[in-house]
Amino acid sequence: MIEFKELSSDQIRQHVDTEQSYEVYGRSLKEYDQRFAGSMSWKTSTNGKEYLYKKTSGIWKSLGPRSPETETIYKQFHSGRDNTKDRLTRLAQRLDELAPVNRAMALGRVPLLTARIVRALDKSGLMGTAVDVVGTNALFVYERLGGVQITSGLLSTQDVDLLMDSRFSLRLISQEFGAKGLIGLLQKIDHSFAPLAKNSYRAANRDGFLVDLIKPTPRNVMASGGKSRFSADEDDLQAIEIEGLSWLVNSPKVSAVVIDQRGYPLAYSCPDPRAFALHKLWLSRRADRDAAKRIRDGMQARAVADLVRTRLSHLSFESSDLQALPLSLRQLAPELQPGGDSMEQSISPNW
């Protein structure tokens, strides 16, 4: 039986405090990276005049000769960077203080390795643009949106599924990330990650933690499905095309700040919980899917549907924002209501 445990008022307050600190930290870090990246210094030219230079991404660019204007630019850059760095240091300390309290209050939910991968993708600018989290790890976002914790074993996972939107722009990819792509990012987090085969969509570390890169099957099966890798490196993971994922790519997105098992916050985006529930119910009916997975799919579908019905009632399965989903999929919604058709009511075993 799927049960939801309501967060206590103390847990909610603690989670909100953590969210607020994390959001301020994120804005400050973004400002630091965008405005104060690189360095700025005076350089003397061959004619003996001093020029102000700014270094960004390893490239020096002149901002003009020394003058009251360039001296102001120089002072504002260094004072602004020092102030922002000081603010980041204090916010980082605040997050360090919050982490053990979050653990003690049982707020840590997301597996540590998943959290580190998501943070790295977010730092590279890909989370929510070129990549979304799907599968079991999406449940952590849904339960946070509902203000509950799912108490069954449905959240147990030793993998993370990354849904690639092959329509993303290459300009989103940083030069550092683009060189080795996803496998390079994974190996920076844990050097034991390696593709399971050449041109594989899956990587595993020495402990058996799996990362899958997946993408929708193109509408025209004879046409190219767009980008399949994040880099030209032949060792990078190559996304596998899977039927039905276009529904998730085209569905509305939701995101939330969640907390990892060490007590530190992170944020990531997922498909709308209604699309998740409908897709999981569809998967549970697929005869070509492993029987154990089909049972789990059905349970996750009903758990998320119950969460939507009881905690996220502003989200309707009849809403026009689900029009991107095929009618045949949306027509499964009544089966997710209490008393709807379920596997428990079937006279046939779920072979």
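To start, this report covers the structure provided alongside it. (Residues numbered from 1 in each chain as written. Predicted model: local features only at pLDDT ≥ 70, side-chain atom pairs only at ≥ 80, totals over all residues. Heavy atoms only, no water.)

1. Describing the nonpolar core
Alright, step 1. By size, the foremost hydrophobic cluster in this structure holds 76 residues, and its most contacted members are Tyr-142, Leu-186, Phe-230 and Tyr-268.
Alright, step 2. Here the element with the most residues in this core is helix α7 (residues 273–284); it accounts for seven residues.
Alright, step 3. The contacts of Leu-186, once residues within four sequence positions are left out, are Ile-117, Phe-193, Ala-203, Val-211 and Leu-237.
Alright, step 4. Phe-36, Trp-42, Leu-52 and Phe-77 belong to the second-largest nonpolar core, a separate cluster that totals five residues. (Core = buried A, V, L, I, M, F, W, Y, C linked by side-chain atoms within 4.5 Å. Buried < 20%, exposed > 50% of the residue type's maximum accessible area, 1.4 Å probe, protein only. Helix = DSSP H or I, 4+ residues; strand = E, 2+ residues; numbered from the N terminus. Contact = heavy atoms within 4.5 Å.)

2. Overview of unusual backbone geometry
Alright, step 1. Not every positive phi belongs to a glycine, and Ala-106 is a case in point at roughly 60°.
Alright, step 2. Looking at the element boundaries, Ala-106 is found in the loop between α2 (68–104) and α3 (112–123).
Alright, step 3. Positive phi values are uncommon outside glycine, yet Asn-199 reaches one of about 60°.
Alright, step 4. Tracing the chain through its elements places Asn-199 in the loop between β8 (194–195) and β9 (202–204).

3. Concerning the environment of Leu-315
Alright, step 1. Within the secondary structure layout, Leu-315 lies in the loop between α8 (291–311) and α9 (327–330).
Alright, step 2. Taking C-alpha positions, Leu-315 is 7.7 Å from Arg-274, a pair spaced 41 residues apart along the chain.
Alright, step 3. Each residue touching Leu-315, except ones within four places of it in the same chain, is listed here: Asp-272, Pro-273, Arg-274 and Val-308.

4. Here we look at the pairing of strand β13 (residues 265–271)
Alright, step 1. The buried count for β13 comes to six of seven residues, which makes it a mostly enclosed element.
Alright, step 2. As paired strands, strand β12 (residues 253–259) and β13 are joined by seven bridges and run antiparallel to one another. By the bridge assignment, Ile-259 is partnered in β13 with Pro-265.
Alright, step 3. Between β12 and β13, which pair antiparallel in sequence order, lie five residues; one of them, Gly-263, sits at a positive phi of approximately 95°. (Pairing = 2+ DSSP bridges.)

5. Describing the pairing of strand β10 (residues 210–216)
Alright, step 1. Across the seven residues of β10, six count as buried, placing the element largely inside the fold.
Alright, step 2. Here strand β7 (residues 159–164) pairs with β10 via five bridges, running parallel. Each residue of the ladder has a partner; that of Leu-163, found in β10, is Ile-214.
Alright, step 3. For β9 and β10, the ladder comprises three bridges, and the chain directions are antiparallel. Looking at the pairing, Arg-202 lines up with Asp-212 of β10.
Alright, step 4. Between β9 and β10, which pair antiparallel one after the other, the connecting turn spans five residues, and Gly-208 there sits at a positive phi close to 85°.

6. Focus: the packing of aromatic side chains
The description of an aromatic ring pair rests on the distance of the ring centres and on the angle between the ring planes.
Alright, step 1. Applying the stated rule across the entire model yields four aromatic pairs.
Alright, step 2. Between the aromatic rings of Trp-42 and Tyr-74, the centroid separation amounts to 5.6 Å while the plane-to-plane angle is 40°, which identifies the pairing as tilted. Placement of Trp-42 in strand β2 (residues 39–44) and of Tyr-74 in helix α2 is noted, with a sequence separation of 32 residues between them.
Alright, step 3. Taking the ring centre of Trp-60 as reference, the NZ or CZ of Lys-43 above it sits at 4.3 Å.
Alright, step 4. Taking the ring centre of Trp-42 as reference, the NZ or CZ of Arg-66 above it sits at 3.9 Å. (Phe/Tyr/Trp six-rings, centres within 6.5 Å; stacked < 30°, edge-to-face > 60°. Lys NZ or Arg CZ within 6 Å of the ring centre and 35° of its normal.)

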